[in-house]
Amino acid sequence: MTGDPFVAHRSLLFTVAYEMLGSAADAEDVLQESWLRWAAVDSSQVRDPRAYLVRTVTRQALNRLRTLSRSREEYIGEWLPEPLLTSPDVAEDVELAESVSIAMLTVLETLGPTERAVFVLREVFEMPYGEIAGAVGKSPATVRQIARRARDHVAARQPRVRVSRSEQRAVVERFLLALRTGRLQELMEVMAPDVVLIADGGGQATAARVPVHGAGAVAKLLTGADRRVVRYQTTTIWLNGAPAGRVEIDGHLVAVSLVVENGRIARIYAVANPRKLTRLDEAAELAR
């Protein structure tokens with residue numbers, strides 16, 4: 001089996017599916033469906049197994065994305081991507097790390113299924129327009145137009161300031177320390193005045209159901225100043241290619257990803273839905 005192209009390219013195929021779906025569980029389902037299709041073909045007749053497999057995974061991911069759209073519309077509260085534990089090595093590929101960041105995956109949720117597929121295949125994996133056309137069932141000319149629209153859409157919404165991993169880690173650790181010690185002033189200082197917190201509890205865990213705006217409101221929510229004393233246990237980990245936080249709030253696990261701009265936190269993504277926190281013990285294998 002080690003010589004099987006599907007096995008050889010599995011990390012790439014998982015990454016394609018995950019970036020299209022924002023869910024590791026759904027990405028694994030797509031890989032299973034794609035494997036069954038691959039097993040049914042005569043691989044010796046496939047000229048370019050990598051391109052064939054990416055095309056197959058893309059089609060299956062598009063089918064899955066379209067069926068998921070309604071369930072996500074009915075999702076309780078804000079929907080965030082499923083976070084993945086990653087090794088620090090992922091951050092060395094800057095383009096890959098940026099493409100799988102929680103911030104970027106959240107932006108990709110605002111694209112339509114075909115736009116998302118075209119953007120991921122072109123901007124992240126640098127596939128030729130002709131190959132993308134075969135994967136999404138459009139002409140190369142149409143794919144070029146879709147790619148341009150998707151690129152402009154993402155550029156208008158993604159974080160504009162790229163920070164070094166050392167700066168990201170330093171801000172993450174300041175934030176986690178302020179949480180752990182309950183120091184409200186330090187928490188306020190590490191956040192931008194217009195910080196936004198987006199939480200995902202999915203109806204399975206306590207979480208704000210709408211975005212919380214402003215350092216004062218976010219700090220008040222995080223410190224439990226309006227309800228009770230909250231006890232935090234925090235660990236700095238790598239999530240989706242960047243330093244992030246693993247936080248236990250009175251025994252309940254939350255994965256926290258931060259967007260840092262100008263040395264302060266501009267956006268906080270907090271995933272508390274336990275169904276999305278099952279992959280924080282073993283690093284995912286991602287590849288381009």
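Keep in mind that this is a model prediction, so the values were computed, not measured.

Enquirer: Explain helix 3 (residues 24-39) residue by residue, including any values.
Expert: Taking 1.5 Å of rise per residue, the 16 residues of helix 3 would be expected to cover 22 Å, and the 22 Å separating its terminal C-alpha atoms lies within 8% of that figure. Listed in full, the buried residues belonging to helix 3 are Ala 24, Asp 26, Ala 27, Val 30, Leu 31, Ser 34 and Trp 38. Angularly, the buried residues of helix 3 cover 150° about the axis, an arc narrow enough to put them on a single face. On its buried face, helix 3 is in contact with helix 1 (5-8), helix 2 (10-21) and helix 4 (49-73). Regarding helix 3, its N-cap is Ser 23, as a side-chain oxygen of that residue lies 3.5 Å from the backbone nitrogen of Ala 25 further along.

Enquirer: Which residues make up unusual backbone geometry, and what are the values?
Expert: Both trends apply: most residues other than glycine have a negative phi, and most peptide bonds are in trans. One non-glycine residue, Asp 250, lies in positive phi territory at about 50°. Inspection of the secondary structure puts Asp 250 in the loop between strand 4 (242-249) and strand 5 (252-261). In this structure, Asn 262 is a non-glycine residue whose phi angle is positive, near 55°. Residue position: Asn 262 is located in the loop between strand 5 and strand 6 (264-271). Among the residues examined, Asn 262 registers a relative accessible area of 70% and is labelled exposed.

Enquirer: Now, about the pattern of salt bridges: what can you tell me, with residues and values included?
Expert: For the structure on display, the rule yields 15 salt bridges. Two residues, Arg 10 and Glu 28, come together in a salt bridge whose shortest N-O distance is 2.6 Å. Of the two residues, Arg 10 sits in helix 2 while Glu 28 sits in helix 3, which places them 18 residues apart along the sequence. Between Arg 279 and Glu 82 there is a salt bridge whose closest N-O contact spans 3.4 Å. Here Glu 82 lies in the loop between helix 4 and helix 5 (94-99) and Arg 279 lies in the segment after strand 6, a separation of 197 residues in the sequence. Of the residues examined, Arg 279 reaches a relative accessible area of 27% and is grouped as partly exposed. With a relative accessible area of 4%, Glu 82 lands in the buried category. In this structure, a network of salt bridges that share partners links the residues Arg 10, Glu 28, Glu 82 and Arg 279.

Enquirer: Tell me about the packing of aromatic side chains, and please be specific about residues and values.
Expert: Each aromatic ring pair is specified by the distance between its two centres and by the angle formed by the two planes. Evaluated as defined, the whole model comprises 3 aromatic pairs. Ring centres 6.0 Å apart and planes at 5° place the aromatic pair Phe 14 and Tyr 18 in the stacked group. One end of the pair is Phe 14 and the other is Tyr 18, both in helix 2 and 4 residues apart, which spans about a single turn. With relative accessibility at 4%, the residue Phe 14 sits in the buried group. Here the aromatic rings of Trp 38 and Tyr 52 are separated by 5.8 Å at their centres, their planes lie at 55°, and the arrangement is tilted. Here Trp 38, found in helix 3, pairs with Tyr 52, found in helix 4; they are 14 residues apart in sequence, far enough to count as distant. Positioned over the ring face of Tyr 129 is Arg 122, at 4.1 Å from the centre of the ring.

Enquirer: Got a sec to walk through the environment of Val 136? Specific residues and values, please.
Expert: Of note, Val 136 is situated in helix 8 (residues 129-136). The buried category is assigned to Val 136, whose relative accessible area is 11%. Separated by 81 residues in sequence, Val 136 and Arg 55 have C-alpha atoms that sit 8.1 Å apart.

Enquirer: Any details on the pairing of strand 3 (residues 232-239)? Residues and values, ideally.
Expert: Here strand 3 pairs with strand 4 via 8 bridges, running antiparallel. Its bridge partner lying in strand 4, Thr 235 is registered against Arg 246. The turn joining strand 3 and strand 4, which pair antiparallel and follow one another in sequence, is formed by 2 residues; a positive phi near 50° is taken by Asn 240.

Enquirer: Explain the confidence of the model for the protein chain to me, and be specific about the residues and the numbers.
Expert: With 97% of its residues at a pLDDT of 70 or more, the protein chain has an overall mean of 92. When the elements of the protein chain are averaged for pLDDT, helix 4 gives the smallest value, 90, and strand 2 (residues 212-213) the largest, 98.

Enquirer: Outline the nonpolar core, supporting the account with residue identities and numerical values.
Expert: Judged by nonpolar contacts, the single largest core of 51 residues is most densely connected at Phe 14 and Leu 108. Among the elements of the structure, helix 2, helix 3, helix 4, helix 6 (102-108), helix 7 (113-124), helix 8 and helix 9 (140-155) are those that each provide at least two residues to this core. No other element matches the 8 residues that helix 2 contributes to this core. For Leu 108, the residues in contact, after removing those within four places along its chain, are Glu 19, Arg 116, Phe 119, Val 120 and Val 154. Counting residues in hydrophobic clusters, the runner-up holds 28 residues, among them Val 163, Phe 175, Leu 222 and Ile 265.

Cut-off values and rules
- Residues numbered from 1 in each chain as written.
- Predicted model: local features only at pLDDT ≥ 70, side-chain atom pairs only at ≥ 80, totals over all residues.
- Heavy atoms only, no water.
- Helix = DSSP H or I, 4+ residues; strand = E, 2+ residues; numbered from the N terminus.
- Expected span 1.5 Å × (residues − 1).
- Buried < 20%, exposed > 50% of the residue type's maximum accessible area, 1.4 Å probe, protein only.
- Arc of directions from axis to C-beta.
- Contact = heavy atoms within 4.5 Å.
- Polar contact = N/O pair within 3.5 Å; in protein donor to acceptor, adjacent residues only side chain to side chain.
- Salt bridge = Lys/Arg side-chain N within 4 Å of Asp/Glu carboxyl O.
- Phe/Tyr/Trp six-rings, centres within 6.5 Å; stacked < 30°, edge-to-face > 60°.
- Lys NZ or Arg CZ within 6 Å of the ring centre and 35° of its normal.
- Pairing = 2+ DSSP bridges.
- pLDDT = per-residue confidence, 0-100.
- Core = buried A, V, L, I, M, F, W, Y, C linked by side-chain atoms within 4.5 Å.

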